[in-house]
Amino acid sequence: MSHVFPRHTKSLPPVVAGGEGCYLIDTDGKRYLDGSGGAAVSCLGHGDPEVIAAIKAQLDQVAFAHTGFFTSEPAEALADLLIEHAPEGIERVYFVSGGSEATEAAIKLARQYFVEIGQPQRSKIIARKQSYHGNTIGALSAGGNEWRRAQFGPLLLDISHIDPCYEYRLRHDGESLEAYGLRAAQALEDEILRLGPDTVMAFMAEPVVGATAGAVTPAPGYFKRIREICDQYGVLLILDEVMCGMGRTGTLFACEHDQVRPDILCIAKGLGAGYQPIGAMLCSGQIYAAIENGTGFFQHGHTYIGHPVATAAGLAVVRAILDRGLLARVNEMGGKLRTALDAKFGQHPHIGDIRGRGLFLGLELVEDRATKAPFDPARKLAARIKSEAFKAGLICYPMSGTIDGRSGDHVLLAPPFILNDAQVAELTDKLVLAVERALAA
Ligand code: PLP
């Protein structure tokens, strides 16, 4: 009997024994193509010798030194590298151990910033429906997925949720993409005015929505308008790139596509590529200066922030992404995967939308393509696809509740950047099999 508290008490997962490139291998020797990098984590694939060597070298030097006493060479070097490539104005990196810690720290930093600059009346956050920002109380409060939030409702912070920029479902017939992008962004200004502009401290959004909506990209001009609205009302823009950042969409930072400059930027997942648990919250020089010229310290911190081994792994991962030409590869292989998905599912009666950027792609399932009606949630279609895919030796990331936390189903794909042509074919063939078996059940 296992003493591990598992994710699901009624299913016993196989035991992982190894990882090789795009594959994970269980103790029975079965191989699984990692079509979602777990949950958009394993961007370099499994068993990368350079990252492993960097971790071992750091362990040989020093494993841990508390950041209350020391900084470390890998933390300094990784911060330098991230800032060298970060959007304009971003100047400091606060290392944490994962995505929820990054978004949680972002919320607290936004609040402390306004206290430091003498605007303590600003405490409200606006986020979006169907977003996911993590599972700690602040991060869960910011997230807009009803299914994840429901039972914890009484514990959550009072955060407003506006509609996402979700062209497939929310754009009107005959409305151009640009006009829809502006209309979707207008929801932010409306909410700021409703709450009272001088009470709002931040707007938080994923540049490309991942887990809860399935690679939903913003309409052109949406984030440009969002930035203008934030500037007009003195509201901080927090971009959560925990899932879509670090090369996943073909640029190191996902917001580069939309040419939007955040005040605070959260990354994790691909930063450690699964080799170490690490995340980071990056902030503007202006925010940092407010803390530096004010109390002088951010009232935050966890024991493992800036961990030398985690930052050594992150440094090796970001160097690999940049130096091995992997951003170009994401664009190339993302294009090939998209073409293969279009070929297999483009005319499928139950695939309503295929979307995404780079190697971050999603398929939304519908009962009826013409009306976009979703399947009955009782069919648990996403769960069935996940289990049929796993049986067939494919790891993908299906999820239900795409539309409103309850109805709708999608499959998210986020394979390693080293995916090759044969693996594109294997992934799509196995996904076709899984979808057909799930639909037939
Ligand atoms: N933010 C986004 C956009 C995510 O996708 C996730 C995880 O899926 C998180 C935050 C939370 O990250 P973690 O699971 O590392 O706490």
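Colleague: Mind laying out the overall build of the protein, listing which residues take part and the relevant values?
Modeller: Of regular secondary structure, the protein possesses 14 helices and 15 strands. Computed over the C-alpha atoms, the radius of gyration of the protein is 21 Å, within 12% of the 22 Å expected from 2.2 N^0.38 for a compact globule of 441 residues. When its C-alpha atoms are laid out on the principal axes, the protein stretches across 60 × 60 × 45 Å. Here the protein, with 441 residues, has 55% of them falling under the buried criterion. In the protein, 72% of the contacts between residues at least 6 apart in sequence involve partners at least 24 apart. As displayed, the protein has an accessible area near 18,900 Å², and 54% of this comes from carbon and sulfur atoms. Across the protein, the mean location of the 42 positive side-chain charges is 5 Å away from that of the 51 negative side-chain charges.

Colleague: How would you sum up unusual backbone geometry? Please name residues and give values.
Modeller: Of note in the backbone geometry, A40 takes a positive phi value of approximately 60° without being a glycine. Structurally, A40 can be placed in helix α1 (residues 37-40). The phi dihedral of A215 falls on the positive side, at around 60°, and the residue is not glycine. For A215, the position within the fold is in the loop between β7 (200-205) and α9 (222-233).

Colleague: Please provide a residue-by-residue account of the site of the ligand, values included.
Modeller: Every residue lining the ligand is accounted for by G98, G99, S100, Y132, H133, G134, E206, D240, V242, M243 and K269. In this structure, Y132 approaches the ligand through a main-chain N or O atom, which is 3.4 Å from a nitrogen atom. In this structure, a nitrogen atom belonging to the ligand sits 2.7 Å away from a side-chain N or O atom of D240. For the ligand, whose unbound accessible area comes to 390 Å², protein coverage reaches 82%. Across the shell around the ligand, the residue classes break down as three nonpolar, five polar and three charged.

Colleague: Kindly report on the nonpolar core, identifying the contributing residues and their values.
Modeller: Among the nonpolar cores identified, the biggest contains 96 residues, and L82, F203, F253, L282 and L431 are the most heavily contacted of them. Each residue touching L431, except ones within four places of it in the same chain, is listed here: L341, F345, L363, I385, L394, C396, V411 and L413. One finds A105, A127, I264 and I287 within the second-largest nonpolar core, a separate group that totals 30 residues.

Colleague: Describe the packing of aromatic side chains, and please don't skip the residues or the numbers.
Modeller: A complete count under the given rule lists five aromatic pairs for this structure. Ring centres of Y32 and F390 lie 4.5 Å apart, and the angle between their planes is 20°; this geometry places the pair in the stacked category. Of this pair, Y32 sits in strand β3 (residues 31-34) while F390 sits in helix α13 (residues 381-391), and the two are 358 residues apart along the sequence. Judged by relative accessible area, F390 falls into the partly exposed class, the value being 31%.

Colleague: Help me get a handle on the pairing of strand β8 (residues 236-240), residues and values and all.
Modeller: Of all five residues in β8, five are buried, a share of seventy percent or more. Both faces of β8 are covered, namely the face carrying L236, I238 and D240 and the face carrying L237 and L239. Where β7 and β8 come together, four bridges link them in parallel fashion. Across the sheet, residue F203 finds its bridge partner in β8, namely L237. For the handedness criterion, the β-α-β arrangement of β7, α9 and β8 is classed as right-handed.

Colleague: Lay out the packing of helix α8 (residues 177-195) against α9 in plain terms, naming residues and giving numbers.
Modeller: Between α8 and α9, whose axes approach to 8 Å, the crossing angle comes to 20°. Overall, the two elements α8 and α9 adopt an arrangement that is roughly parallel. Note on packing geometry: the crossing formed by α8 with α9 is right-handed. Each of G181, L182, A184, A185, Q186, L188, E189, I192 and L193 in α8 lies in contact with α9, whose residues at this interface are Y222, R225, I226, I229, C230, Q232 and Y233. Residue classes in the contact of α8 with α9 are distributed as eleven nonpolar, three polar and two charged.

Colleague: Could you give me a rundown of the sheet that holds strand β6 (residues 160-162), with the residues and numbers involved?
Modeller: Taking strand neighbours across the sheet as the criterion, the seven strands line up as β4-β10-β9-β8-β7-β5-β6 in an open arrangement whose pairing is mixed. The open sheet terminates on both sides in strands that have one partner only, identified here as β4 (90-96) and β6. Between one strand axis and the next, the sheet turns by 20° as a mean value, whatever way the strands run. In this fold α8 packs onto β5 (124-128), β6 and β7, with an angle of close to 155° to the strand it touches most, β6.

Colleague: Break down the domain arrangement of the protein for me, citing the residues and quoting the values.
Modeller: Taken domain by domain, the protein consists of domain 1 (16-47 + 326-440) and domain 2 (52-323). Here domain 1 and domain 2 have C-alpha centroids that lie 25 Å from each other. Across the contact, 38 residues belong to domain 1 and 40 residues belong to domain 2. Overall, the association of domain 1 and domain 2 removes approximately 3,200 Å² of surface from exposure, summing both partners, and the carbon and sulfur fraction of that is 58%.

Colleague: Could you give me a rundown of the environment of S42, with the residues and numbers involved?
Modeller: In this fold, S42 is placed in the loop between α1 and α2 (49-61). Spatially, the C-alpha atoms of S42 and P416 are 5.8 Å apart, while their sequence positions differ by 374 residues. In this structure, S42 is in contact with D34, G37, A273 and P416, ignoring residues within four places of it in sequence.

Reading the values: rules and limits
- Residues numbered from 1 in each chain as written.
- Predicted model: local features only at pLDDT ≥ 70, side-chain atom pairs only at ≥ 80, totals over all residues.
- Heavy atoms only, no water.
- Helix = DSSP H or I, 4+ residues; strand = E, 2+ residues; numbered from the N terminus.
- Rg over C-alpha atoms; globule rule 2.2 N^0.38 Å.
- Buried < 20%, exposed > 50% of the residue type's maximum accessible area, 1.4 Å probe, protein only.
- Contact = heavy atoms within 4.5 Å.
- Areas by Shrake-Rupley, 256 points an atom, 1.4 Å probe, with all protein chains shown as cover.
- Lys, Arg positive; Asp, Glu negative; His and termini not counted.
- Charge placed at Lys NZ, Arg CZ, Asp CG, Glu CD.
- Near = heavy atom within 4 Å.
- Polar contact = N/O pair within 3.5 Å; in protein donor to acceptor, adjacent residues only side chain to side chain.
- Nonpolar A, V, L, I, M, F, W, Y, C, P; charged D, E, K, R; others polar.
- Core = buried A, V, L, I, M, F, W, Y, C linked by side-chain atoms within 4.5 Å.
- Phe/Tyr/Trp six-rings, centres within 6.5 Å; stacked < 30°, edge-to-face > 60°.
- Pairing = 2+ DSSP bridges.
- Right-handed = clockwise from strand over helix to strand, strands pointing away.
- Axes fitted to C-alpha atoms, helices over the stretch in contact; angles between N-to-C directions.
- Parallel < 35°, antiparallel > 145°, perpendicular 65-115°, else oblique.
- Left-handed = near helix turned anticlockwise from the far one by under 90°.
- Domains from an automatic or database assignment.
- Buried area = accessible area lost by both parts, 1.4 Å probe.

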